[in-house]
Amino acid sequence: MAGVADVSCDLVLAVDVFPFLVAGGMALAARHVAEAGRVLRSGGSLVILNFRAGSG
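Here the structure is a predicted model, which is why all the values come from computation and not from measurement. Every chain is numbered independently, its residues counted from 1 as its sequence is written. A pLDDT threshold of at least 70 governs which residues receive local features in this predicted model, and a stricter bar of 80 or more applies before side-chain atom pairs are shown or counted, although totals over entire chains, interfaces and linings include all residues. Heavy atoms from the whole structure form the basis of all side-chain values; hydrogens and water molecules are not counted.

Visitor: Is there a simple way to explain the nonpolar core in this structure?
Guide: Note that soluble globular proteins tend to have their nonpolar side chains buried in a common cluster. Core analysis: the largest hydrophobic core is formed by five residues, namely Cys9, Val12, Ala36, Val39 and Leu40. Those elements that provide at least two residues to this core are β1 (9–15) and α2 (26–39). We call a set of buried Ala, Val, Leu, Ile, Met, Phe, Trp, Tyr and Cys residues a nonpolar core when their side-chain atoms join them within 4.5 Å. Exposed residues in this analysis have more than 50% of their type's maximum accessible area, buried residues have under 20%, and partly exposed residues fall in between, with area computed by a 1.4 Å probe over protein chains only. Only runs of H or I of at least four residues qualify as helices and only runs of E of at least two qualify as strands under DSSP, and these elements are numbered from the N terminus.

Visitor: I keep staring at α2 and nothing clicks. Help me out?
Guide: For the α-helix, the turn length of 3.6 residues means that residues three or four positions removed from each other point alike. A helix's residues, less one, multiplied by 1.5 Å, set its expected span. Look at α2: 20 Å from first C-alpha to last across 14 residues, which is about the 20 Å you get at 1.5 Å a residue. Of all the residues in α2, the buried ones are Ala29, Ala36 and Val39. The buried residues of α2 occupy an angular sector of 95° when projected down its axis, which confines them to one face. Residues of α2 that are exposed and angled more than 90 degrees away from the buried face: Met26, Ala27 and Arg31. Within this analysis, the arc is defined by the directions that extend from the helix axis to the C-beta atoms.

Visitor: Even after reading the chapter, I still don't get a nonpolar patch on the surface, so can you show me in this structure?
Guide: Like charges are joined within 9 Å and nonpolar side chains (Val, Leu, Ile, Met, Phe, Trp, Tyr) within 5 Å, but only among residues with over 30% relative accessible area and no salt bridge; these make up the patches. Accessible areas in this description were obtained via Shrake-Rupley with a 1.4 Å probe; residue shielding takes into account the shown protein chains only. Only one rule defines a salt bridge in this text: a Lys or Arg side-chain nitrogen within 4 Å of an Asp or Glu carboxyl oxygen. On the surface, Leu11, Leu13, Val15, Val47, Leu49 and Phe51 cluster together to form a nonpolar patch covering roughly 530 Å² of accessible area. Among the secondary structure elements, phenylalanine 51 is positioned in the segment after β2 (40–49).

Visitor: Looking at this structure, I do not really get unusual backbone geometry. What am I missing?
Guide: Working note: non-glycine residues mostly have negative phi, and peptide bonds are mostly trans. For valine 7, which is not glycine, the phi dihedral falls at a positive 40°. Considering the arrangement of structural elements, one finds valine 7 in the segment before β1. Even without being a glycine, aspartate 16 presents a positive backbone phi close to 55°. What makes aspartate 16 partly exposed here is its relative accessible area of 23%.

Written out as structure tokens, the structure is:
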């Protein structure tokens, strides 16, 4: 989200990405959440949806 300005979004939507972020290491997942916090306006939402049940 490097190209997104600070406190410029009402919503960050993450669909089916967190299993891959966690697989890359907790630091990567934490960085994603921190970036969402950086770009969200006060009262904004980070919505995490995981429809993918597994890798098989």
